[in-house]
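# Coordinate inspection notes
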Amino acid sequence: MKLRRSGSVEITEPAAPAGRRSGRAGAVRDRGRGAPAPARLGWTDLVRVGASGLRTRPGRVILSALGIAIGIATMVAVVGISSSSKARLLGELDRLGTDLLTVSPGRTLFGEDAVLSEKSVAMTAGIGPVTAVGATGGTGQSVRRTDRIPRGQTGGLSVLAASLDLPGTLRAPVDRGVWLNEATAAQRAAVLGSVAARRLGVRETGDQVWIAGQWWTVVGVLEPSTLAPEIDRSVLVGFEAARRHLGSEGNPTTLYVRSDDASVTAVRDALPRTVNPENPEEVEVSRPSDALEAKAAADGAFTNLLLGVGAVALLVGGVGVANTMVISVLERRGEIGLRRSLGATRGQIRVQFLAESLLLSGMGGVAGAVLGTAVTAGYAAVRDLPAVVPVWAPAGGLAAALLVGTAAGVYPAARAARMSPTLALNTA
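Read on for a plain summary of the structure.

### Observations concerning helix H4 (residues 58-96)
Along its 39 residues, H4 runs 55 Å from first to last C-alpha, staying within 8% of the 57 Å computed at 1.5 Å per residue. Two residues or fewer past H4, Gly97 is found with a positive phi of approximately 85°.

Here's what the structure looks like:
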């Protein structure tokens, strides 16, 4: 109570309520205590709300997720197929070894073809770290299945003289029949490479082929030679038979040299001076495994190109997701207005539509990773390759899908959050 004097009379005034004493700030605090705080969305609630939005339009969701799935499947399959091919190539290198060197004649100072001497095989075998030496020599002759076939139809096959230790040096075993020995190397006996046997139509040993106007008996067929593919396209005879029946001089044209793994570089440097001490510059030395490793590198470059194609497909899928989400915002204005009117904040609306976009892209990413892995396994089974899918390929594909989903959902989510509740309800 408060006393106020007015002349000789005291007037008593009632005390002001606490809210009025505190002024405007107190009134604001009072209203703040009575207003309900917006509810928070937990992770489970967020997923449930996002999934409910997708369930209402399954056809559109499937088509949008399919675009993401195709992009991810392409990327995973490209990486998987490339890795499977590379694994097979590295396995062949491990089996065949990287210690094989080939020696061939180069050019003389006057640009003519150089020649290896008959003693080059023995001189090469005298190098300490060398473990095996095989040789082939050109004969200048062609081979035909019968004498009825015109001379010019060679089928891209050549006739080579071969040393007895050639298969062991190349690690190319005989598939059918036997290899040449001391007796057959001087007779009209021939061993065919795998491609030569197929092109000549030879299926059984004992068949005959026509070489230099004479019939030669096939005694064996070699398995494919990865490090010396020229052997696959050749008909191999003994050096002595080449001298007797084909008029060959007996000079080797290619030497295949095996050495200790730790001494390959030293042997490579010593071969030109050993094979041709007078003119070592006329000798060419190569390492077949280098060509296979270069092939693996080329396959890797091609893989990067195909990954770019998969990225484009993924980008197109992302555009489809963005389009789906924008249309969803326009179709669900009534829902947005109702939720805003019931107390949902702009942030909650934004997170809801962003969650829908992530779920949509995530479904496409998972489907694409599974599909890409299945394609890799099927391709490997058909081509007899080891099925290899690096762990990072599907994981990276799924991460890329979620990243695309985030980017595709930002604008639709922001548009939904900016929508006025009253306008949304009126236009619904």
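### Let's talk about the packing of helix H13 (residues 346-382) against helix H14 (residues 392-418)
Between H13 and H14, whose axes approach to 7 Å, the crossing angle comes to 150°. Between H13 and H14, the angle falls in the class roughly antiparallel. Here the hand of the crossing between H13 and H14 comes out right-handed. Looking at the contact of H13 with H14 residue by residue, the classes come out as 17 nonpolar, 7 polar and 3 charged.

### Let's talk about the pairing of strand S13 (residues 283-286)
Side chains of S13 alternate between two faces, with Val283 and Val285 buried and Glu284 and Ser286 left unburied. With 4 bridges connecting them, strand S3 (residues 100-105) and S13 associate as antiparallel partners. The residue of S13 that forms the bridge with Pro105 is Val283.

### Focus: the packing of aromatic side chains
The full count for this structure, using the stated rule, is 1 aromatic pair. Each ring, one from Trp210 and one from Trp215, has its centre 4.9 Å from the other, and the planes form 70°; the classification is edge-to-face.

### Quick look at a nonpolar patch on the surface
On the surface, Val366, Val370, Leu398 and Leu402 cluster together into a nonpolar patch covering about 300 Å² of accessible area. You can call Val366 partly exposed: its relative accessible area is 45%.

### Some details on the pairing of strand S12 (residues 254-259)
The element S12 is largely enclosed, with a buried count of 6 among its 6 residues. Bridging between S3 and S12 involves 4 bridges; their strand directions are antiparallel. Bridge assignment links Val103 to a residue of S12, and that residue is Leu255. Here 6 bridges tie strand S4 (residues 130-138) to S12, and the two strands are oriented antiparallel to one another. Across the sheet, Thr136 pairs through a bridge with Thr254, a residue of S12.

### A word on helix H12 (residues 333-341)
Taken as a whole, H12 has its buried residues at Ile336, Gly337 and Arg340. Mapping the buried residues of H12 onto a view down its axis gives an arc of 95°, with all of them on the same face. Following H12 by one or two positions, Gly343 has its phi on the positive side, about 115°.

Cut-off values and rules
- Residues numbered from 1 in each chain as written.
- Predicted model: local features only at pLDDT ≥ 70, side-chain atom pairs only at ≥ 80, totals over all residues.
- Heavy atoms only, no water.
- Helix = DSSP H or I, 4+ residues; strand = E, 2+ residues; numbered from the N terminus.
- Expected span 1.5 Å × (residues − 1).
- Axes fitted to C-alpha atoms, helices over the stretch in contact; angles between N-to-C directions.
- Parallel < 35°, antiparallel > 145°, perpendicular 65-115°, else oblique.
- Left-handed = near helix turned anticlockwise from the far one by under 90°.
- Nonpolar A, V, L, I, M, F, W, Y, C, P; charged D, E, K, R; others polar.
- Buried < 20%, exposed > 50% of the residue type's maximum accessible area, 1.4 Å probe, protein only.
- Pairing = 2+ DSSP bridges.
- Phe/Tyr/Trp six-rings, centres within 6.5 Å; stacked < 30°, edge-to-face > 60°.
- Patch = residues over 30% accessible without salt bridge, like charges linked within 9 Å, V, L, I, M, F, W, Y side chains within 5 Å.
- Areas by Shrake-Rupley, 256 points an atom, 1.4 Å probe, with all protein chains shown as cover.
- Salt bridge = Lys/Arg side-chain N within 4 Å of Asp/Glu carboxyl O.
- Arc of directions from axis to C-beta.

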